[in-house]
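Report on the structure
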Amino acid sequence: MKIKSIIGGVCAPKGFVAGGIHCGVRKNKEKKDLALIRSELPCQAAAVYTTNKVYGAPITVTRENLADGTAQAVICNSGNANTCNADGVEKARMMCEIAGKALNIDAKDVIVASTGVIGQTLPIEPIVQGVEALAPLLSAEGGTDAALAIMTTDTQIKELAVEFPLHGKTVRIGAIAKGSGMIHPNMATMLSFITTDAAITAGMLQKALKAVVDDTYNMISVDGDTSTNDMVSILANGMAENPVIDGEGEDYAMFVEALTMIAVYMSRLIAGDGEGATKLIECSVSGAPDKQTAKVVAKSVITSSLFKAAMFGADANWGRILCAIGYAPAEFAVNSIDVALASGVGRVRVCENGAGIDFSEEEAARVLHEDEIRVEIDMKQGDASAVAWGCDLTYDYVKINGDYRT
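This text gives an overview of the structure that appears in the document. (Residues numbered from 1 in each chain as written. Predicted model: local features only at pLDDT ≥ 70, side-chain atom pairs only at ≥ 80, totals over all residues. Heavy atoms only, no water.)

Next up on the list: the overall build of the chain. Summing up its helical and strand segments, the chain has 11 helices and 15 strands in all. In terms of overall dimensions, the chain is globule-like: its C-alpha atoms have a radius of gyration of 21 Å, near the 22 Å expected for 406 residues. For the C-alpha atoms alone, the extent of the chain along its principal axes is close to 65 × 55 × 35 Å. Going through the 406 residues of the chain one by one, you find that 56% of them count as buried. Within the chain, contacts between residues separated by at least 24 positions form 80% of all contacts whose residues are at least 6 apart in sequence. Split by element, the accessible area of the chain, about 16200 Å² in all, is 50% carbon and sulfur. Averaged over its 35 positive side-chain charges, the chain has a centre that lies 3 Å from the centre of its 50 negative ones. (Helix = DSSP H or I, 4+ residues; strand = E, 2+ residues; numbered from the N terminus. Rg over C-alpha atoms; globule rule 2.2 N^0.38 Å. Buried < 20%, exposed > 50% of the residue type's maximum accessible area, 1.4 Å probe, protein only. Contact = heavy atoms within 4.5 Å. Areas by Shrake-Rupley, 256 points an atom, 1.4 Å probe, with all protein chains shown as cover. Lys, Arg positive; Asp, Glu negative; His and termini not counted. Charge placed at Lys NZ, Arg CZ, Asp CG, Glu CD.)

What follows is the structure in structure tokens.
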């Protein structure tokens, strides 16, 4: 394969350092809550954001800072979302100024993000002290600490890096992400910071990111709630010294393929780490009349609470799948649709041409007791396809969110 996985996360690309510490935003001293990522050189930059009309102050400030398509660093705190606060924008700008001063760069070259509880005033003093302590500790080995520092209810670290050749040069892309609850397209409660040493223009970087996000991060749903603070950003410092990607072509296609590999991996991790989840669910739709229909059908199934609850109970209640397909906001026929349930131990067809068929409930239960389930939908009405990711709905989801704030 031209594209291969490597270690290092956001520090795998040339010229990037990172780190994370506990600064005091979170009460639990065992939890890191402040992350920094820095490039040795100024970067072309791009980002996509939550579609929620209520969005965090860091979104406002990052949009301002990325208006010129450049940035050089990322600062992110966990434990407090800095959302719905009268002084939120002021605090977000202060975070950029604090990071800029410590890293000796312009404050407007800083991407700022926050994640955690909504509606509580963000204490800035711990961040001031934390940045002063963290800046000297940034290193090429600090990507995992940064990944830990952006986690909230996540139960596992989410990081990956890949490399691939372009005209004799080795290009790398690295990423970290967080996301476990309040996850729903478009953009979930989810942050993902991506770095690359590719030489690429800001315009093509934004185009690539938007295209990839639409097919990956925006195809995740844990609970149907679109968060206020979602962001995926990417920094490209050009240190791989490949010919600049300034238009579509083979180099751009390779870059998008590698970025997609990163995004699919992160999307699966986020979905599988849904709050209280015991199973990752992948819904693949094929034979759709067009791409948009494939997407909305896959999303409709993956967001159905009844279907998700059935998956928790290993109940092959295929009627819930057909129901979710039926209320998907698109035009298509239902009398040609086939559905199968699959996992690592087997595959069971449960519906043909929009109607139920005989199948072994015992075999279906065996398939659904695995920790990764696939729902395969063949619409037989075209050649478009899409994939969405989610998780089961469990008792623990309610427990976690019943007292999340208190």
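That was the structure; now back to the text.
This next bit is on the sheet that holds strand 13 (residues 355-356). Reading across the sheet, the six strands line up as 13-12-11-14-10-15 and stay open at both edges, with mixed pairing between neighbours. Edge strands, defined here as strands with exactly one partner in the open sheet, are strand 13 and strand 15 (384-391). Summarising the sheet, strand 11 (residues 338-343) and strand 12 (residues 346-352) pair through five bridges and their orientation is antiparallel. Bridged to A340 within strand 12 is R349. Lying over the sheet, helix 10 (residues 361-368) contacts strand 11, strand 12 and strand 14 (372-378), oriented at roughly 120° with respect to strand 12. (Pairing = 2+ DSSP bridges. Axes fitted to C-alpha atoms, helices over the stretch in contact; angles between N-to-C directions.)

Its 14 residues place the ends of helix 5 (residues 202-215) 20 Å apart at the C-alpha level, agreeing with the 20 Å of an ideal helix rising 1.5 Å per residue. Those residues of helix 5 that sit buried are A202, M204, L205, A208, L209, V212 and V213. What you see down the axis of helix 5 is that its buried residues fit within an arc of 160°, all on one side. Lining the buried residues of helix 5 we find strand 3 (34-49), strand 8 (191-196), strand 9 (231-236) and helix 6 (250-272). (Expected span 1.5 Å × (residues − 1). Arc of directions from axis to C-beta.)

On to the nonpolar core. Ranked by size, the top nonpolar core spans 79 residues in total, and within it Y217, F255, V339 and I377 carry the most contacts. No other element matches the 11 residues that helix 6 contributes to this core. Once residues lying within four places of it in the same chain are set aside, the contact partners of I377 are C283, S284, V285, S286, V297, V301, I321, I325, I337, D338 and V339. (Core = buried A, V, L, I, M, F, W, Y, C linked by side-chain atoms within 4.5 Å.)

Okay, the packing of aromatic side chains next. Tallied over the full model, the rule gives one aromatic pair. Centroid distance F312 to Y395: 5.2 Å. Interplanar angle 90°. Geometry classified as edge-to-face. Taken as a pair, F312 in helix 8 (residues 305-312) and Y395 in helix 11 (residues 395-402) lie far apart in primary sequence, 83 residues in all. In this structure Y395 comes out as exposed when scored by relative accessible area, which is 64%. (Phe/Tyr/Trp six-rings, centres within 6.5 Å; stacked < 30°, edge-to-face > 60°.)

Within the element layout of this structure, G143 appears in helix 4 (residues 143-149). On the accessibility criterion, G143 (2% relative accessible area) is buried. Taking C-alpha positions, G143 is 18 Å from S114, a pair spaced 29 residues apart along the chain. Excluding its chain neighbours within four sequence positions, the residues that come into contact with G143 are V10, C11, A18, E159 and I176.

Enumeration according to the criterion identifies 19 salt bridges in this entry. Put simply, D215 and K295 hold a salt bridge, and the shortest N to O gap is 2.8 Å. Taken together, the positions of D215 in helix 5 and K295 in helix 7 (residues 291-302) put the pair 80 residues apart, joining distant regions of the chain. On the basis of relative accessibility, which here comes to 33%, the residue D215 falls in the partly exposed class. Relative accessible area serves as the criterion here: at 13%, K295 is assigned to the buried category. As a salt-bridge pair, R349 and D338 come within 3.5 Å of each other at their nearest N and O atoms. (Salt bridge = Lys/Arg side-chain N within 4 Å of Asp/Glu carboxyl O.)

All right, on to the side chain of S39 then. Along the chain, S39 turns up in strand 3. For S39, a relative accessible area of 0% gives the class buried. A polar contact of 2.6 Å, which involves the side chain of S39, links it to the backbone oxygen of L41. At a separation of 3.3 Å, a polar atom in the side chain of S39 contacts the side chain of N237. If sequence neighbours within four positions are ignored, S39 has contacts with G15, F16, Q72 and N237. (Polar contact = N/O pair within 3.5 Å; in protein donor to acceptor, adjacent residues only side chain to side chain.)

Inspection of the secondary structure puts G272 in helix 6. Distance in space between the C-alpha atoms of G272 and I325 is 22 Å, their sequence separation being 53 residues. Once you skip the residues sitting within four places of it in the chain, G272 turns out to touch A277 and L280.

The subject of this paragraph is the packing of helix 7 against helix 9 (residues 318-326). Remark: helix 7 packs on helix 9, axes separated minimally by 8 Å, with the N-to-C direction vectors making an angle of 135°. Taken together, the axis directions place helix 7 and helix 9 in an arrangement best described as oblique. Helix 9 is crossed by helix 7, and the crossing has right-handed handedness. Of the residues in helix 9, those touching helix 7 at V297, S300 and V301 are I321, A324 and I325. In terms of residue class, the contact of helix 7 with helix 9 is built from five nonpolar, one polar and no charged. (Parallel < 35°, antiparallel > 145°, perpendicular 65-115°, else oblique. Left-handed = near helix turned anticlockwise from the far one by under 90°. Nonpolar A, V, L, I, M, F, W, Y, C, P; charged D, E, K, R; others polar.)

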